[in-house]
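Structural overview
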Amino acid sequence: MQVWIVEYIYDDYGSVGIRTAKITAPDYETARHFALGDAPSVDFVMSLRPESDDQFLGRPAIRAREMTGQVVHNVVDPDEDIEEDDDI
């Protein structure tokens, strides 16, 4: 069995709702089936990935808030190399 992380982004009565959950399943398709059955709303998108120490949960939520125009604090993207130009 493997642990899967599902992150839902959904319409919560006019605002963006976000929910993260863990699912234990033997494979992706089974985890997806459970995730679809546990969706918090009729209209939603979800991200389903195996649990990992390298995950950055919240990235889909941050992008959803940016797309809807909601204010997002500056959160460093761990995939981007941060280099200061004034280090020269």
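Heads up: the structure comes first, above all this text.
Below or above, wherever it landed, is the structure these notes cover. (Residues numbered from 1 in each chain as written. Predicted model: local features only at pLDDT ≥ 70, side-chain atom pairs only at ≥ 80, totals over all residues. Heavy atoms only, no water.)

Points about the packing of aromatic side chains
Convention followed: For this analysis, a ring pair means two rings from Phe, Tyr or Trp (six-membered ring only for Trp) whose centres lie within 6.5 Å, classed as stacked if their planes differ by under 30 degrees, edge-to-face if by over 60, and tilted for the remaining angles. Comment: elements are numbered from the N terminus, with helices defined as DSSP H or I runs of at least four residues and strands as E runs of at least two. To sort residues, take the accessible area from a 1.4 Å probe on protein chains only and compare it with the maximum for the residue type: under 20% means buried, over 50% means exposed, and anything in between is partly exposed.
Counted under the stated rule, the structure contains 2 aromatic pairs. With a centroid separation of 6.0 Å and 70° between ring planes, the pair formed by Tyr8 and Phe44 is classed as edge-to-face. Highlighted residues: Tyr8 in strand β1 (residues 2-12) and Phe44 in strand β3 (residues 44-50), separated in sequence by 36 residues. By relative accessible area, which is 0% here, Tyr8 ends up buried.

A word on the environment of Val3
Worth spelling out the cut-off: In what follows, residue pairs with any heavy atoms lying within 4.5 Å of each other are defined as contacts.
Note that Val3 resides in strand β1. Here the alpha-carbon distance between Val3 and Ala25, two residues 22 residues apart in the chain, equals 6.5 Å. Sequence-distant contacts of Val3, defined by excluding residues within four places in its chain, comprise Lys22, Ile23, Thr24, Pro50 and Glu51.

Some thoughts on the pattern of salt bridges
Rule in force here: Should a side-chain nitrogen of Lys or Arg be within 4 Å of a carboxyl oxygen of Asp or Glu, the pair is scored as a salt bridge.
Within the structure shown, the criterion is met by 2 salt bridges. Note that Arg19 and Asp38 form a salt bridge whose closest N and O atoms lie 2.9 Å from each other. Remark: Asp38 occurs in the loop between α1 (28-37) and β3 and Arg19 occurs in strand β2 (residues 15-25); sequence separation between them is 19 residues. Note on Asp38: relative accessible area 42%, which makes it partly exposed. A salt bridge links Glu51 to Lys22; the nearest nitrogen and oxygen atoms lie 2.9 Å apart. In this pair, Glu51 sits in the loop between β3 and α2 (59-67) while Lys22 sits in strand β2, placing the two residues 29 residues apart along the sequence. Using a relative accessible area of 39% as the deciding quantity, one classes Glu51 as partly exposed. Given a relative accessible area of 60%, Lys22 falls into the exposed group.

Concerning the sheet that holds β1
In plain terms, the rule: A pair of strands counts as paired when DSSP detects no fewer than two bridges linking them. Angular values range over 0 to 180 degrees, each being the angle between N-to-C directions of two axes fitted as lines to C-alpha atoms, with helices fitted over their stretch in contact.
What the 3 strands build is an open sheet, ordered β2-β1-β3; its pairing is antiparallel. Taken across any chain shown, the strands that pair with only one partner, and hence form the sheet edges, are β2 and β3. This sheet shows a mean twist of 15° between the axes of neighbouring strands, independent of strand direction. Across the sheet, α1 touches β1, β2 and β3, and the angle it forms with β3 is around 145°.

What is shown is where atoms sit, not what they do.
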